[in-house]
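Fold and geometry: a report
Now for the letters of each chain:
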Amino acid sequence: MEVDGWTNAGVFLKSTCLPAYFSLSLACLTEVPKNIPSDTKFLDLQNNRITELKENDFRGLTNLYALSVRNNKISKVHPKTFAPLKRMQKLYFSKNLMSTIPKNLPASLVELRIHENRIKKVAAGAFSGLGNMNCIEMGANPIQNSGFEPGAFKGLRLNFLRISDAKLTGVPKDLPDSLHELHLDHNQIQAVELEDLSRYKNLYRLGLGFNHIRNIEQSSLLYLPRLRELHLDNNRLTHVPQDLPNMKYLQVVYLHSNNISQVGVDDFCPRGFGMKKAFYNGISLFENPVNYWEVQPATFRCVGDRFAIQFGNYKK
């Protein structure tokens, strides 16, 4: 199968499989090359040594749909770098040295992946004009809660946001209320307070695993009426969150690797018949100091299949 691109020696290869795919991955580049074909739609510059994106690096590439500069050494982007890229929808910028979000991203952008950089601050209006943006992956940046200025996400209608492996100590404020998926795993969050999730009524999936959470305030999860999947594994919880029986559509909940020592008969399921709109198809409780043989069978009366329950193997 032929694939458009350049070999490691910089030789361009003709392709009949991928239209206008142009690759210079692993070419030891220190800057964006000149004379990239103007009909290029997929430009792959990952795994090089590029340190800067200059004003005219992408001049003439008006048909570009996706750009990957992943795994370079980019720390500087000219404010007009992306001006010619009126149709670009995907930008892969992970594993670089950026300390802020690049300015003047194309209004056409749908997906931005900028994880594993050095971002410590997201300024107000950083995503201004990006009403088409659907997905942002910005995990593994050393950003704290204070690094998000008020209005940092203003105007965005995101479905997906990941800020994992950062330095968050709480759920960030004022994230887009359109979110369907929010992933805050591998942070230092210590509690979920009453109003923390009040904006996110459209969430389907919430990831809070691998944090330091000891307490989830009662009724805080009830702000998420559409939630299907909840990850609270690898935290410091001592009991099952109190809101679970009232979450009508919750189907998957990860609670393994906590400090839960007891599971009550009403911890997961409502008492009233028909109140639960969707049965559970996954509950993980393994690696907790709970004697599973003491848990009453009726505890899981709203679980669709007994194999959906995972117990056992606790080690001090």
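This one's a predicted model, so the numbers in the text were calculated from it and none came from an experiment.

Digging into the overall build of the chain
Within the chain, the secondary structure is distributed over 0 helices and 19 strands. Referenced to the eigenvectors of the C-alpha coordinate spread, the extents of the chain come out at roughly 70 × 45 × 40 Å. Relative to its 316 residues, the chain shows a buried fraction of 47%. By sequence separation, contacts in the chain at least 24 residues apart represent 44% of the contacts at least 6 residues apart.

Description of the state of the cysteines
Counted according to the given criterion, the structure contains 1 disulfide. With its sulfur 1.9 Å from that of its partner, C269 forms a disulfide with C302. Taking the sign of the torsion about the S-S bond as the criterion, the disulfide between C269 and C302, at about -85°, is left-handed. Here C269, found in the loop between strand 17 (252-254) and strand 18 (282-284), pairs with C302, found in the loop between strand 18 and strand 19 (309-310); they are 33 residues apart in sequence, far enough to count as distant. Exposure class is identical for C269 and C302. Each is buried.

Describing the packing of aromatic side chains
A complete count under the given rule lists 9 aromatic pairs for this structure. Geometrically, the ring pair formed by F268 and Y280 is edge-to-face, given 6.1 Å between the ring centres and 90° between the ring planes. Here the residue F268 occupies a position in the loop between strand 17 and strand 18, and Y280 occupies one in the loop between strand 17 and strand 18, the gap between them amounting to 12 residues. For the pair F268 and Y280, a shared accessibility class is recorded, and that class is buried. One aromatic cluster is present, built from ring pairs that chain together F268, Y280, Y292, W293, F300 and F311. Looking at K276, its charged tip hangs above the ring of Y280, at a distance of 4.0 Å from the centre.

Details of the side chain of N72
Within the secondary structure, N72 sits in the loop between strand 6 (66-68) and strand 7 (76-77). Polar side-chain contacts of N72 include one of 3.3 Å to the backbone nitrogen of N48. From its side chain, N72 meets the backbone oxygen of V69 in a polar contact 3.0 Å long. Apart from the residues lying within four places of it in its own chain, the contact partners of N72 are L45, Q46, N47, N48, R49, I50, K95 and N96.

Notes on the side chain of E229
Within the secondary structure, E229 sits in strand 16 (residues 229-231). Reaching out from E229, the side chain makes a polar contact with the side chain of H231 at a distance of 2.7 Å. Every residue in contact with E229, bar those within four places of it in the chain, is listed here: Y204, R205, L206, L250 and V252.

Some words on the nonpolar core
Here is a general trend for soluble globular proteins: nonpolar side chains tend to be buried in one another's company. Within the largest apolar cluster, 85 residues are counted, with the highest numbers of intra-cluster contacts made by F82, L244 and F268. Those residues in contact with F82 that lie beyond four places of it in its chain are L53, F58, L67, V77, M88, L91, F93, P102, K103, N104, L105 and P106.

Details of the confidence of the model for the chain
As a note on interpretation, predicted positions should not be read in detail where pLDDT is low. Mean pLDDT over the chain stands at 92; residues scoring 70 or higher make up 93%. In this model residues 1-18 is a low-confidence stretch, pLDDT under 50, and it forms 33 contacts with partners more than four residues away in sequence or in other chains.

Focus on the pattern of salt bridges
The full count for this structure, using the stated rule, is 11 salt bridges. The closest approach of N and O atoms between K121 and E149, which form a salt bridge, is 3.1 Å. With K121 in the loop between strand 9 (111-113) and strand 10 (135-137) and E149 in the loop between strand 10 and strand 11 (160-162), this residue pair connects regions lying 28 residues apart in the sequence. Across the salt bridge formed by E137 and R162, the nearest N and O atoms sit 2.8 Å from each other.

Rules used in this analysis
Residues numbered from 1 in each chain as written. Predicted model: local features only at pLDDT ≥ 70, side-chain atom pairs only at ≥ 80, totals over all residues. Heavy atoms only, no water. Helix = DSSP H or I, 4+ residues; strand = E, 2+ residues; numbered from the N terminus. Buried < 20%, exposed > 50% of the residue type's maximum accessible area, 1.4 Å probe, protein only. Contact = heavy atoms within 4.5 Å. Disulfide = S-S within 2.5 Å. Phe/Tyr/Trp six-rings, centres within 6.5 Å; stacked < 30°, edge-to-face > 60°. Lys NZ or Arg CZ within 6 Å of the ring centre and 35° of its normal. Polar contact = N/O pair within 3.5 Å; in protein donor to acceptor, adjacent residues only side chain to side chain. Core = buried A, V, L, I, M, F, W, Y, C linked by side-chain atoms within 4.5 Å. pLDDT = per-residue confidence, 0-100. Salt bridge = Lys/Arg side-chain N within 4 Å of Asp/Glu carboxyl O.

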